[in-house]
Every structure is written in structure tokens, then in C-alpha cells.
Amino acid sequence: MTATARTSTARSTGWFPVARAAEVGTTPVPVGAGGRAYVVVRLRPGAEVSAFPARCPHRLVPLAAAAVVEGRLRCPYRGWRFDTEGRCVDVPSLGPHGSAPPRADLPVPWAVEERHGWIWLAPERTDVAAPPPPAAEPVPESAPAPAPPPGPVFGNLDPSLEHAWHPVALARELRPGGWLQVRLLGRTWSLSRGPDGLVADPPAWGVRERYGVVWLAPAPPRDVPLELPEDGDRRFVRGWLTPARSAGPAGPLADGFLDVAHSPFVHAATSGAADGVEVPAYDVAPEPGGFTGVQQQRSDHPTDPGARRGQRPRRRATYVLRAPFQLRLRLDLLDTGAARTILFLLQPEDADSTRVYTCLLLSAGPGEPLPGPEVVAGEVALAQRVLAEDLELQSRMASTGLPLVLRDELHVRSDRLGVALRRALADFAAARR
Ligand code: FES
Ligand SMILES: [Fe+2]
């Protein structure tokens, strides 16, 4: 019996046929057993089948999107790896000497067996040692959606979001005399730019323009505006990405923007590191309306000097958040003085839709000419590809919002910015009362 034995005091629930054995290879297959969601997979070609719960314990990413690497199941987001027993054997951001926290281990089903041409799961201990021959062709359960986190999440329709300025369009999308319709918090507004300025219909508490963006506040805002020191600084040139749309809530997108540990896995084809994935300890300072976190990093950005030769220039990364969803990342190359700032603004349109505004502000450093239009266009094109990689991952996350109860996920050293985001959003949600 190819059982993965686990001790359990729960009552027996029996054996469940979950998939034809011939259909399970080294790509995880989502299945259901006893109403629970799992994935089944062979960790090497032709090996015994292993079964895992459907979500990674770190940030609850569905493991149906995981990959088999060197006999382990690797989460697609930050590369945590699990052996056939569900033990977390690698957290890359902790470095080669870091060890995974105990809660990182996956609670695998009591037994997995391949018999009668089928894969069978026993989620809990059962008195029947092996699945009996089926009297007829088995009918597997359809795979349920991975279970949501038990506690509250901060979704795109949280009532507190009424009390914030939200980006709703690029200024250039609303020409003088023109109008457009936008979605925000599950509602439609018509915006027009007339002789007396911007107008919203139905009326909003306010509409304004700032940093090349049209903003709308449905009700008296309580957010703290994000400052953008590079705006108006003549050493910087700017380039907007084409606004994008994510089929999910804004919170996990903001979480990804604040996270460097995913780059080697999600952005390997564009801007991610090939190695050196450890994230050193760093500080996060709370501020009114959000926080700032500073990290010392090595750059793998392909257009940074030396990066193509594998020199990984030193840089300082300064992350700033103003709740709910205004973010700024400034990357200072310490050896040349060049700087790249990324402004990242999220428009919570509907529960499952977020519009994404991204602006690059680029400086070549002291005494250097401004980056020319070709350089800016190249950087914007690269950033657009990086964003597409993030959105592709988001589309597989099956998230309804960012969990506000820290224990519903698992946080390690590299997640301090993510933890600060969850606290800032929890504070923002609580401030409405
Ligand atoms: S490693 Fe799986 S969600 Fe982060
Ligand atoms: Fe990313």
C-alpha cells in the first residue's frame, strides 16, 4: 500500500476514487474527497501518487498551479517546496540555513492508493485497509473550490472603501469636453470634463486630478494621500503603462507589489533573480495612513548596469503604502545614483475586478542626461511584461480578498511588508466605525 500514514482521531470516512491513475502525472490534478479539496500528483515520472491539500499554507495559493521540481511539489508564488509527506522542506526566502516553521507542513490525507486503475484517497483513518474492487465504474466527486480562509478578508467591496480617494482613470483618458464610464466599488459613475472641471454622475463627495490620474472619493475620505517626490523633479522622466485589469481583488495585488520573494519564481523570464533568493531582515516603520519599508537588495533588473553580466548591482528599495491601495517603490542604485520609481495604484471596481495603474519615473543619476524616449519605452514594455506575469498568477489565486486575521496565513521573515499591509487595511476598515 502506498499509504502516507497520519495519525487521526476523526471517524472513518472511507475511500474515495478521485482520478483515473493513467491521468495523474507530474502536473497536479485538483480533486475532491469527502467534500475536501486536494491535488494529486506524481513527484517523479512513474512514481507513486502523492496527495496534498489544495492550498499553500503561506498565502493560500491553489497548489493546482504548483510544479514538480526535483521530486518536490513547488508552490508557484515564492517557491516553498513540499515532500511526499507534506513536509515543507524549503522556504527560499529564508536562505539555505533557514528552516520552515512547523505550521508550514501540509496536512496530507491519511492514505493515498493506486488500485483498480484509479487513485483513491482516505482523508481520515479508515478501518478498511485498502479500497475494495468497485462494483461499477467509479464516479469521482467534482473537485471543490479550495476552502476560503476562515476569518474575514478585505475585499473590493469593503464598506470602508467608500471613505477613500480612488484612481478611476488616467487623466489623458478623459479629454476636455469628453466623458467616460468607470466602475468603482460595484457601481458605475459617469465622469465628464467640462468648462468647470471634473464632474461625476451620480454625484460623489469629490473628483480631482493628481499625478496624471483622475481620482474619485464616494464619501468623505479618511485616507492619507501618497506623496510622489519624483513628480515635478526635473531629473526624472515618466512613462505610464497601459492600464491593466486583474480578475481578482486589489489586496493580493498590493501584497505582491510589496513582496520581493516571488520575483525568482514569478518573474524568472523578465526581471527575477536566477539565484540568491534569500531576503535579508529589514525594517518597516508605521506612518499615518500606512508605512514605509526599506530593504537592501541586489538588482537583477536586466537594464541595470552590470545586471546582464551577472554582477547584481547594489540597490536600496523603499516601499511606501498609503491605505487602501496607493503604493510607491523607489529603487536607488547605490553605485551610480540612478533611480527608478514605480507608482502602483489600484481601483477596486467590483468584487472580482481591479484596474491597475502603473507609472515609471526614471532618473539616470547625477550628471547623466535624462533617459530618452527609447529608453523609457523599453522600460515601460518590460514593466508591462512583469505586470502581466503578476496578473497571470493573480488569475489563479481564487482569492476574495486579503485575510485580515494573521493566523489564517503563515508569515515568515520576508513577509514583514505583507504583515504591515494586512494591519494597515485592518486599521482602515476599523476606522469607519
Ligand atoms: S510560497 Fe506558496 S503562497 Fe507563498
Ligand atoms: Fe511581481
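Each chain carries its own residue numbering, running from 1 in the direction its sequence is written. As a convention, the first chain written is A and the first ligand written is 1, with the rest following in written order. Only residues with pLDDT of 70 or above have their local features reported here, since the model is predicted, and side-chain atom pairs are shown and tallied only from 80 upward, although totals for entire chains, interfaces and linings are computed over all residues. Neither water nor hydrogens contribute to the side-chain values; these are computed over all heavy atoms in the structure.

### Regarding the overall build of the chain
Counting its secondary structure elements, the chain contains four helices and 26 strands. With C-alpha atoms as the basis for the radius of gyration, the globule rule is written as 2.2 Å multiplied by the number of residues raised to the power 0.38. In summary, the chain has a C-alpha radius of gyration of 24 Å against a globular reference of 22 Å for 433 residues, a match within 12%. Reported as C-alpha extents along the three principal axes, the dimensions of the chain are approximately 80 × 55 × 35 Å. Only protein chains enter the accessibility calculation, which uses a 1.4 Å probe. A residue is then buried if its area is under 20% of the maximum for its type, exposed if over 50%, and partly exposed in between. The proportion of buried residues among the 433 residues of the chain is 55%. In this description, contact between two residues means that some pair of their heavy atoms is separated by no more than 4.5 Å. Pairs at least 24 apart in sequence give 61% of the contacts found in the chain among residues at least 6 apart. Values of accessible area rely on a 1.4 Å probe in the Shrake-Rupley scheme; residue burial ignores everything except the protein chains shown. Summed over all atoms, the accessible surface of the chain reaches about 19,100 Å², with 53% contributed by carbon and sulfur. We count Lys and Arg on the positive side and Asp and Glu on the negative side, and we leave His and both chain ends out. To locate a charge, take atom NZ for lysine, CZ for arginine, CG for aspartate or CD for glutamate. For the chain, the distance from the average site of its 49 positive side-chain charges to the average site of its 47 negative ones is 2 Å. Helix and strand assignments come from DSSP, with helices taken as H or I runs of at least 4 residues and strands as E runs of at least 2, each series counted from the N terminus.

### Structural notes on the coordination of the iron ion (ligand 2)
Six octahedral donors around a metal ideally sit at 90 or 180 degrees from one another, while four tetrahedral donors ideally sit at 109.5 degrees. Atoms of type N, O and S within 2.8 Å of a metal are treated as its donors, and for Na, K and Ca the window is 3.2 Å; water is not considered, so some sites may appear to be missing partners. Protein-derived ligands of the iron ion (ligand 2) are H262 (NE2), H267 (NE2), D390 (OD) and D390 (OD), with the metal-ligand distances lying across 2.1 to 2.4 Å. Square planar and octahedral assignments, for four and six donors respectively, both demand that opposite donors be over 155 degrees apart and that all other angles lie between 65 and 115; tetrahedral needs four donors with all angles between 85 and 135 degrees, and anything else is irregular. Viewed at the metal, the four donor atoms of the iron ion (ligand 2) are separated by angles of 57 to 158°, and the geometry they form is irregular. Sequence spacing of the donor residues for the iron ion (ligand 2), all on one chain, is H-x4-H-x122-D. Taken together, the residues span a long stretch of sequence, with H262 in the loop between α1 (250-257) and α2 (263-266) and D390 in helix α3 (residues 373-395) at a distance of 128 residues. By relative accessible area, which is 18% here, D390 ends up buried.

### Digging into the sheet that holds strand β3 (residues 36-42)
Adjacent strands of a sheet pair through backbone hydrogen bonds, lying either parallel or antiparallel. In spatial order, the strands read β2-β3-β4; together these three strands make up an open sheet with antiparallel pairing. Each of the sheet's edge strands pairs with one partner strand only, and the pair in question is β2 (29-33) and β4 (49-53). Strand-to-strand, the axes of this sheet are offset by a mean angle of 40°, without reference to chain direction. Here a strand pair is declared whenever DSSP counts at least two bridges between the two strands. Whenever a helix is involved, its axis is fitted only over the stretch in contact; in every case the axis is a line through C-alpha atoms, and angles between N-to-C directions fall within 0 to 180 degrees.

### Some points on the domain arrangement of the chain
Where each domain starts and ends follows an automatic or database-derived domain assignment. What the domain assignment lists for the chain is domain 1 (16-122), domain 2 (165-221) and domain 3 (234-430). Centre-to-centre separation of domain 1 and domain 2, based on C-alpha positions: 46 Å.

### Some thoughts on the packing of α1 against helix α4 (residues 416-430)
Where α1 contacts α4, the axes come no closer than 9 Å and their chain directions differ by 145°. In the packing of α1 onto α4, the handedness of the crossing is right-handed. Of the residues in α4, those touching α1 at G251, A254 and D255 are G418, L421 and R422. Left-handed describes a crossing whose near helix is turned anticlockwise from the far helix through less than a right angle; right-handed describes the clockwise counterpart.

### Side note on the confidence of the model for the chain
Of the residues in the chain, 94% reach a pLDDT of 70 or more, and the chain-wide mean stands at 92. Scored between 0 and 100, pLDDT is the confidence that the predictor attaches to each residue. Taken together, the stretch residues 1-12 has pLDDT below 50 and engages in 35 contacts with residues farther than four places along the chain or on a different chain.

### Thoughts on the pairing of strand β14 (residues 187-194)
In this structure, strand β13 (residues 179-184) lies alongside β14, joined through six bridges in antiparallel fashion. Across the sheet, residue V182 finds its bridge partner in β14, namely W189. Adjacent in sequence and paired antiparallel, β13 and β14 are bridged by two residues, among which L185 carries a positive phi angle near 55°. Two strands pair when backbone bridges link them, and β14 and strand β15 (residues 197-201) are joined in this way by five bridges, in the antiparallel orientation. What sits directly across from L191, in β15, is A200.

### Details of α3
For α3, which comprises 23 residues, the first-to-last C-alpha distance of 32 Å matches the rise-based estimate of 33 Å (1.5 Å per residue) to within 8%. Turning to α3, its buried residues number three or more, namely V376, E379, V380, L382, A383, V386, L387, E389, D390, L391, L393 and Q394. In this fold, the buried residues of α3 make contact with β18 (237-240), β19 (244-246), α1, α2, β24 (339-350) and β25 (353-363). Here the expected length of a helix is defined as 1.5 Å per residue gap, with one fewer gap than residues.

### What to know about the sheet that holds strand β17 (residues 213-217)
Spatial ordering of the open sheet is given by β12-β17-β16, a layout of three strands whose pairing is antiparallel. The strands lining the two open edges of the sheet, one partner per strand, are β12 (166-170) and β16 (206-210). Shown here is a sheet whose adjacent strand axes are inclined to one another by a mean of 30°, direction ignored. As defined by bridge partners, β12 adjoins β17 across four bridges and the pair is classed as antiparallel.

### Details of the environment of R125
Among the structural elements, R125 can be located in the loop between β10 (118-122) and β11 (153-154). You can call R125 partly exposed: its relative accessible area is 37%. Along the primary structure R125 and A169 are separated by 44 residues, whereas in three dimensions their C-alpha atoms are 55 Å apart.

### A short note on the side chain of T341
With respect to the element layout, T341 can be found in strand β24. Under the relative-accessibility criterion, T341 is labelled buried at 0%. At 2.8 Å, the side chain of T341 and the side chain of E230 are in polar contact. Pairing of N or O atoms within 3.5 Å defines a polar contact, subject to two protein rules: one partner must be a possible hydrogen donor and the other a possible acceptor, and residues neighboring in sequence count only if both atoms are side-chain atoms.

### A few points about the pattern of salt bridges
What counts as a salt bridge is simple: a side-chain nitrogen of Lys or Arg found within 4 Å of a carboxyl oxygen of Asp or Glu. Evaluated as defined, the whole model comprises 31 salt bridges. R81 is paired through a salt bridge with D90; the nearest N and O atoms lie 3.4 Å apart. For R81, a relative accessible area of 17% gives the class buried. Notably, a salt bridge pairs E230 with R330, separated by 3.0 Å at the nearest N-O pair.

### Observations concerning the packing of aromatic side chains
A ring pair, where both rings are aromatic, is described by two values, the distance of the centres and the angle of the planes. Centres within 6.5 Å are what make two rings of Phe, Tyr or Trp a pair, Trp counting through its six-membered ring; a difference in plane orientation under 30 degrees is then read as stacked, over 60 as edge-to-face, and the rest as tilted. This structure, assessed with the given rule, holds three aromatic pairs. Considering the side-chain rings of F257 and F344, the 4.6 Å spacing of their centres and the 5° angle between planes classify their relative orientation as stacked. Here F344 lies in strand β24 and F257 lies in helix α1, a separation of 87 residues in the sequence. Here the two residues F257 and F344 agree in accessibility, since each one is buried. Whether a charge lies above a ring is judged from NZ of Lys or CZ of Arg, which has to be within 6 Å of the ring centre and within 35 degrees of the ring normal. Between R78 and the ring centre of Y77, over which it is positioned, the NZ or CZ distance is 3.6 Å.

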